Amino acid sequence: MATRALDLPHHDAPAEATGVWSWITTVDHKRIGILYGVSAFAFFLLGGIEALILRLQLARPANTVVGADTFNALFTMHGTTMVFLAIMPFGSAFFNYLVPLMIGARDVAFPRLNALSYWIFLAGGLFLNASFLVGAPPDAGWFGYANLTTRPFSPGLNIDFWLLSLQILGVSSMIAAVNFIVTIINMRPPGMTLMRMPVFVWMTLVVQFLIVLAFPPVTVGLIFLMFDRFFGTLFYDVVAGADLHLWQHLFWIFGHPEVYILILPAFGIVSEVLPTFARKPLFGAPVVIYSGVLIGFFGFSVWSHHMFAAGMGPVADSAFSIATMIIAIPTGVKIFNWLATLWGGRIRGATALHFAVGLIATFTIGGLSGIMHSSPPIDLQQTDSYFVVAHLHYVLIGGSLIGLLAGAYYWWPKITGRLLDERLGRLSFWVIFLAFNLTFFPQHYLGAMGMPRRIYTYAASTGWGTWNLVSTIGAFGIALGILVFAVNAIRSLRVGPRAPADPWDGRTLEWRTSSPPPPHDFDTIPAVYGRDTFWREKHGDARGRKPTPLPPAPDPHGIHLPAPSHWPIVMALGIGTAALGALTHLAIVVLGGLVTLYGAFRFALEHHRAVAHADQTGTVGVDHRKVGVWVFLGSECMLFGTLIATYMAYKGRSVVGPHPHEILNIPLTTLSTFDLLMSSLLMVLALAAAQRDDRRQARFWLFGTAVFGLIFLGFQAYEFTHFVREGLTLQQNLFGSTFFVLTGFHGGHVALGVLWLLTLWILDVRGRLSAVDSVKVEIAGLYWHFVDVVWIAIFTLVYLVP
Amino acid sequence: MSATRPAPPDHADAAGARAHASVATYAKVAVILTLITAMEFSAIYIRQLTPILVPLLLVMSAAKFALVVLFFMHLRYDSRVVSFIFTGSLTLAIVIALALMTLTGQFLLFRR
Amino acid sequence: MGILGRARLLPRLGLAGVVALASGCTWNGPQTTLVPVSDFARETLRVYGIVTWATVVIAAVVVSVLSWVLLRYRDRPDAPLPPQTRGHALLEIGWTIAPALVLLVIAIPTIHVVFRTQSAPPTGALEVIVRGRQWWWEFAYPAYQLATANELHLPVGRPAVLRLEGPDVIHSFWIPQLGGKRDVVPGRHNHLSFTPDTPGTFLGQCAEFCGTSHANMLLRLVVESPDAFERWVASERAPAVQSQAGPAADGAAAFAASACVGCHTVRGVSRGVVGPDLTHFGRRATVGAGMLPNTVDNVTAWILDPPRIKPGVKMPALGLTEAQARSIAVYLLSLK
């Protein structure tokens, strides 16, 4: 092994706490990674069983394994589970475990927030599957098109379970995304420049930005659906003038970046595995990085290629077609760079490499069928048929899952401290790989023969029976392969040989600490010599010249292990309870909300006076919390942008009145706008006072800002009650629905801001706020000003523009 | 900034900031915001402005938006990283909002 | 572009080759996308062929290179570290431009066909209003003032335009041999225009998940000579057949006395707009939107307990006896 040249740390440090409570309250990124991984695997098995039942039903024509309603629920749950509860959290498992190690950090920027996102994810996953327990699993497909999902056509609890769990899962992902963005940007030690980061970390960064920017539109779409179902709004009510394309746009504006969220981690893993086992660097690493960034960026421009059959017109069809083809270019470039990495290498056939190479083959096929889909005339014959089912499984299994399995085999020794059996590993690869192709390649043919997707049965006369049977046999083969993997894993944990720190002669920093790493990851923060820094340390540069050893990076915080906390799970329980309440009784919603709010307060104040938390300035010279808030505000731009766009899209489409010009009170609203603008002035005065430690002034201006906020809310309350008296309600017309939801959500943001400011004010009154806490006032201010600028946009577009 | 007490070291300024706004600057911005709001309010009542009303209002509100972001939110003085994050997200939001409006037929850039 | 000259043969050969290689099977099934019967389908297949060739070639190249690399550069014991090549700018440029060119070859015919197939239908095109409902299809011919269900008739060689409307949820009209699908979106006016060029019977089904019996919302298209079409129109416009005596007449009485009349139209007998028009039900090939052949036994079973055959169907079991149901079935099948 290549560790001979370096004296890697050997840990006699006391073992980490064990026991269930230590796992429930853990904030250690490694443990959270394991929690994500185990949960993802459990949900993956569930989603797999759902798939096997589907395949059994489809194996023969006119089969009677399950009935129509059960089948429809199964394919819905299979898709939703695999996307949100299996592939995404598998990715999160790796992000969590590896990103801090790979950049030379000791944990993520916000360890408790990290735990929070896990527990909220678990709450969402359990909530979704609780639908089975009451016999109402979601049954309108994983992308739930309106208006099938509206109450008249889906009267039961099924869709309520679906939309509530997706929103919970969205919150979990968004919180984690903010965390990882701040970590990657702001927790790199000196020497770890962005371009020296491993490609896996880069892909993670792109994925987190995709999450932050793509989840808000679907959240808005789900909010509209929720309001339609619970409160009678008209967002998807055709008779009231709604456009059913709106749901599709909002869903796919999220849904397309989502598929890049699903595949980029696998691309990152392959970009780590191939160089290690070919024993040469990733070919064109900067180009691979830029391609990933471009894919992420262009991923926002192609969404309506899911809507070629929806009737958008030839101009829109053409625009999205060309945009989709453009994305194929950076994707192809990555594949060529991977091939060039292997070329001229010294390829060792470890299991991880098998899976990485497998991905190249199957993702190429999936990508090429994707190119076929990019052409609307062809797509019109392929979309909504088994051809697209084949395509999506080639990219999601052949791409994402196989890539994640490569990662599993690659990093298993690091995470568990044990080695997996290579023979069993290769066996699992071949079974999975061959069975996968057997399952899904014939589905291209079935699609070409006109078999639509999401049908629970078909007639023998269609001629689809034979290849459906073959596909089913293949599906059971995949299950067998997963079983072999599971057996391998269990054996390894029980009797597997102990793994050294660096079993593969790796290139990146995670291999520079023990397997598994100690709780504090690194005894000393490693110095960084370039990209593939660990390889350079061991083997030198391209000419074999070893770098002059640098001292370890300065450790400004010492080894400070974040303390465990139970507030994350409390908050997650509160959120889950509130969701249950939405389906049962309002009182339970209130209970859940109060628990969540209480948990949030305790969470926020848990380390309020901790000295170690006072200064969180990071790599780019900005406090972690400030970077985090700006990322959050980026997502809020998308949230309010979508709400405003819907208002504008539905403007003038109300079938009945009252209409805006009849009811909006511009003079009054101008006053309230002025009030909010002035509140921003008070806020900056508060911050200036806080920074110079003038407590009296800080208290005065903070309170003043909150009062001005309350005045704004007062204006809004008056406006709302006046409108309702005049006959404009949420349910009256599209104007009512869009107006109240847009301005209501804005008002909700103001209210939360007032709460935040008053909390700071009370802390100050009690003498618990000082100059060192001014960053907390600053980030409250950033939030407050942002809410102000959103109002500037709303005031103009809703009130002033005719 | 007020000259009564020296400002304590502000880490947020140390590496990333390029300057720092004074209270006087904030007051000036507040006055300009008030003026623009008053102008916006008046503009909708002036008949002669009707043909250019929409672009005019959009420009004025964009100006207010920019003033609050650059000065009150301190983006003018802060690290380029957070500027990039925010302006990138904002640009994406605006482009997608426009696309959404166009696709639902409310903002036709071209005849279909 | 030179490829246009051999447009018909080459794409079909290419596709057939791939499909046959991959599946060892025919490319001609009842709902195949690969055997065109309209101008729309032929245009589509033209592009389909070009793209299939391109993708097959690329796949072959990638898989070959990959296989060769794995063999040639596999690990040998005691071999030294390989040269640590970091990259090559020219290669990067090359394999960025090459895919772009391939995509250009795909994009140009694509955009061309997109606009051709979505252009306004010619004046004089035969207009059919298609209403997709849970879970059957209504076809109305405004020019002839007739309405029927689940079976669409068109004359060969005459341009047709289907105007797609939806009173309930989103469906999708797809008869693969006719060409690509188009969604039925309530509140929007989508259309599909084409000219069928081959007589025959062609099958399809709904292609957008629309609820419980989405799988059971089948389509049947009959393309016939203009004379045969005119004869069909005439017989569809004729009033309902009235049987004077015998089982059919008994069934007529039973029908008129039952709840059937609340939902179904038999012109001259009843006016119901919830379910399909049954005036000439006896001339249709299937019952239940393509689910079963139109025999007495099948129609009887349908009338007795529709949800058992078609889960979730809006037509309830009416609590009739078997004899009553059979009698009505005989009557309905007499409505030729």
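About the cut-offs
Residues numbered from 1 in each chain as written. Chains lettered and ligands numbered in written order. Predicted model: local features only at pLDDT ≥ 70, side-chain atom pairs only at ≥ 80, totals over all residues. Heavy atoms only, no water. Helix = DSSP H or I, 4+ residues; strand = E, 2+ residues; numbered from the N terminus. Buried < 20%, exposed > 50% of the residue type's maximum accessible area, 1.4 Å probe, protein only. Contact = heavy atoms within 4.5 Å. Areas by Shrake-Rupley, 256 points an atom, 1.4 Å probe, with all protein chains shown as cover. Rg over C-alpha atoms; globule rule 2.2 N^0.38 Å. Pairing = 2+ DSSP bridges. Axes fitted to C-alpha atoms, helices over the stretch in contact; angles between N-to-C directions. 1 Å grid on protein atoms, 1.4 Å probe; cavity = no way out; pocket = protein on both sides within 12 Å on 5 of 7 lines; lining within 4 Å. Points joined across faces, edges and corners; volume = space filled by probe spheres on them. Nonpolar A, V, L, I, M, F, W, Y, C, P; charged D, E, K, R; others polar. Patch = residues over 30% accessible without salt bridge, like charges linked within 9 Å, V, L, I, M, F, W, Y side chains within 5 Å. Salt bridge = Lys/Arg side-chain N within 4 Å of Asp/Glu carboxyl O. Core = buried A, V, L, I, M, F, W, Y, C linked by side-chain atoms within 4.5 Å. Buried area = accessible area lost by both parts, 1.4 Å probe. Polar contact = N/O pair within 3.5 Å; in protein donor to acceptor, adjacent residues only side chain to side chain. Lys, Arg positive; Asp, Glu negative; His and termini not counted. Phe/Tyr/Trp six-rings, centres within 6.5 Å; stacked < 30°, edge-to-face > 60°. Lys NZ or Arg CZ within 6 Å of the ring centre and 35° of its normal. pLDDT = per-residue confidence, 0-100. Parallel < 35°, antiparallel > 145°, perpendicular 65-115°, else oblique. Left-handed = near helix turned anticlockwise from the far one by under 90°.

Next up on the list: the overall build of chain B. Helix and strand content of chain B: four helices and zero strands. Across the 112 residues that make up chain B, the buried fraction comes to 40%. The long-range fraction of contacts in chain B, counting pairs at least 24 apart against all pairs at least 6 apart in sequence, stands at 51%. Accessible surface for chain B amounts to roughly 6,200 Å². Of this, 71% is attributable to carbon and sulfur atoms.

Our focus in this paragraph is the overall build of chain A. Broken down by element type, chain A carries 23 helices and zero strands. Here chain A has a C-alpha radius of gyration of 27 Å; the compact-globule value for 802 residues is 28 Å, and the two agree. Projected onto its principal axes, the C-alpha positions of chain A cover 75 × 75 × 45 Å. In chain A, which comprises 802 residues, the share counted as buried stands at 69%. By sequence separation, contacts in chain A at least 24 residues apart represent 83% of the contacts at least 6 residues apart.

Okay, the sheet that holds strand β9 (residues 200-205) of chain C next. Residue and element names in this part refer to chain C. Strands sit in the order β4-β10-β9 across an open sheet of three strands; the sheet is mixed. One side of each edge strand has no neighbouring strand; the edge strands of this open sheet are β4 (151-155) and β9. Averaged over all pairs of adjacent strands, the angle between their axes in this sheet comes to 20°, without regard to strand direction. The pairing of β9 with strand β10 (residues 218-224) spans six bridges and is antiparallel. Looking across to β10, one finds that Leu203 is bridged to Arg220.

Right, let's talk about empty space enclosed by the protein for a bit. Residue and element names in this part refer to chain A. Tallying each qualifying case throughout the model produces 10 cavities of 30 Å³ or more. Looking at the largest cavity, its volume works out to about 200 Å³. Looking at the largest cavity, it is lined by 20 residues, and the ones nearest its centre are Met88, Pro89, Ser92, Ser173 and Ile211. Those elements that place two or more of their residues in the lining of the largest cavity are α3 (68-103), α5 (158-186), α6 (199-231) and α7 (245-278). When residues of the lining of the largest cavity are assigned to their parent elements, the largest contribution, seven residues, is made by α3. Along the lines of polarity and charge, the residues of the lining of the largest cavity split into 15 nonpolar, five polar and no charged.

Taken together, Leu90, Ile93, Ile97, Leu101, Leu104 and Ile108 of chain C make up a surface patch of nonpolar side chains, about 600 Å² in accessible area. With respect to the helices and strands, Ile97 of chain C occurs in helix α3 (residues 89-117).

A few words on the arrangement of the chains. The pair of protein chains exhibiting the most contacts, out of two pairs of chains in contact, is chains A and C. Across all C-alpha pairs, the smallest distance from chain B to chain C is 11 Å, and the two are not in contact.

Our focus in this paragraph is the pattern of salt bridges. For the structure shown, the criterion picks out 33 salt bridges over all chains. A salt bridge links Lys30 of chain A to Asp521 of chain A; the nearest nitrogen and oxygen atoms lie 2.6 Å apart. Remark: Asp521 of chain A occurs in the loop between α14 (465-495) and α15 (533-539) and Lys30 of chain A occurs in helix α2 (residues 29-58); sequence separation between them is 491 residues. Residue Glu43 of chain C is joined to Arg116 of chain C by a salt bridge in which the shortest nitrogen-to-oxygen separation is 2.5 Å. Of this pair, Glu43 of chain C sits in helix α2 (residues 39-72) while Arg116 of chain C sits in helix α3, and the two are 73 residues apart along the sequence.

In this section: the nonpolar core. Phe84, Tyr236 and Leu342 of chain A, Phe86 of chain B together with Tyr141 and Phe173 of chain C are the most contacted members of the largest nonpolar core, which has 366 residues in total. Discounting residues that sit within four places of it in the chain, Tyr141 of chain C has contacts with Leu126, Glu127, Val128, Leu146, Thr148, Leu152, His153, Phe229 and Trp232 of chain C. In terms of nonpolar packing, the next biggest core, distinct from the first, is built from 20 residues, Phe281, Ile328, Ala329 and Leu332 of chain C among them.

Before going further, it helps to spend a moment on the interface of chain A and chain C. Across the boundary between the two partners, chain A contributes 95 residues, which contact 85 residues of chain C. When residues of chain A are sorted by the area they lose upon contact with chain C, Phe283, Arg346 and Gln381 of chain A head the list and together hold 9% of the total. Where chain A packs against chain C, one counts three salt bridges. Our count for the contact surface shared by chain A and chain C stands at 28 residue pairs in polar contact (both at pLDDT 80 or more). The set of elements that each furnish at least two residues to the side of chain A that touches chain C consists of α3, α7, α8 (285-298), α9 (314-342), α10 (351-373), α11 (376-382), α13 (422-448) and α15 of chain A. At 16 residues, the largest contribution of residues to the side of chain A that touches chain C is made by α9 of chain A. Looking at side-chain class alone, the side of chain A that touches chain C contains 55 nonpolar, 24 polar and 16 charged residues.

Opposite the 64 residues of chain A that make contact, chain B presents 53 residues. Taking both sides of the interface into account, the surface hidden between chain A and chain B amounts to around 5,100 Å²; carbon and sulfur atoms contribute 79%. Here chain A is connected to chain B by one salt bridge. Measuring nitrogen to oxygen at the nearest pair gives 3.1 Å for the salt bridge that ties Asp78 of chain B to Lys626 of chain A. Put simply, chain A and chain B have three residue pairs in polar contact (both at pLDDT 80 or more) between them. At 13 residues, helix α20 (residues 666-691) of chain A tops the list of elements feeding residues into the side of chain A that touches chain B. Grouping the amino acids of the side of chain A that touches chain B by side-chain chemistry returns 42 nonpolar, 12 polar and 10 charged.

All names here are of chain C. Within the fold, Ser38 resides in the loop between α1 (9-23) and α2. Here the side chain of Ser38 touches Ala41 through a polar contact of 3.1 Å, landing on its backbone nitrogen. A distance of 2.6 Å separates a polar side-chain atom of Ser38 from the backbone oxygen of Leu178. Ignoring any residue separated from it by four or fewer positions in sequence, one finds Ser38 in contact with Gln177, Leu178, Phe194, Thr195, Pro196 and Asp197.

All right, on to the side chain of Asp384 of chain A then. With respect to the element layout, Asp384 of chain A can be found in the loop between α11 and α12 (386-416). Arg453 of chain A is the oppositely charged side chain nearest to the buried, salt-bridge-free Asp384 of chain A, at an N-O distance of 4.7 Å. Ignoring any residue separated from it by four or fewer positions in sequence, one finds Asp384 of chain A in contact with Pro452 and Arg453 of chain A together with Lys181, Ala207 and Glu208 of chain C.

Aromatic rings in a pair are described by how distant their centres are and how their planes are angled relative to each other. All told, the structure shown has 83 aromatic pairs over all chains when counted by the stated rule. Centroid distance Phe71 of chain B to Tyr77 of chain B: 6.3 Å. Interplanar angle 70°. Geometry classified as edge-to-face. Residue class for Phe71 of chain B comes out buried when judged on its relative accessible area of 14%. One aromatic cluster in this structure is built from Phe84, Trp142, Phe143, Tyr145, Trp162, Phe215, Tyr236, Trp247, Phe251, Trp252 and Phe254 of chain A. Seen from the ring of Phe230 of chain A, Arg151 of chain A lies directly overhead, with NZ or CZ sitting 5.5 Å from the centre. Over the aromatic face of Phe143 of chain A sits the side chain of Arg454 of chain A, whose NZ or CZ is 4.2 Å from the ring centroid.

So, about the environment of Gln167 of chain A. Residues and elements named next belong to chain A. Examined against the element boundaries, Gln167 turns out to sit in helix α5. Using a relative accessible area of 15% as the deciding quantity, one classes Gln167 as buried. Taking the C-alpha atoms as reference, Gln167 lies 15 Å from Glu636; in sequence the two are 469 residues apart. Not counting residues within four places of it along the chain, the set of residues in contact with Gln167 comprises Thr219, Leu222, Ile223 and Met226.

What follows covers the confidence of the model for chain B. All names here are of chain B. On average, chain B scores 82 in pLDDT, and the residues at 70 or more come to 79%. Least confident of the elements in chain B is helix α1 (residues 11-14), whose mean pLDDT is 43; most confident is helix α4 (residues 80-103), at 96. Here residues 1-18 is modelled with pLDDT under 50, and outside its nearest four sequence neighbours on either side it reaches 34 contacts, counting other chains as well. Predicted complex, confidence summary: ipTM 0.94, pTM 0.94.

As a further point, take the packing of α3 of chain A against α7 of chain A. In a pair of packed helices, the angle between the axes and the distance between the axes together describe the arrangement. Residues and elements named next belong to chain A. At a minimum axis distance of 11 Å, the contact between α3 and α7 shows a crossing angle of 45°. Relative to α7, the element α3 is oriented oblique. As α3 runs across α7, the sense of the crossing is left-handed. Each of Val83, Phe84, Ile87, Met88, Phe94, Phe95 and Met102 in α3 lies in contact with α7, whose residues at this interface are Phe254, Glu258, Ile261, Leu262, Pro265, Ile269 and Glu272. Among the residues forming the contact of α3 with α7, the class breakdown is 12 nonpolar, no polar and two charged.

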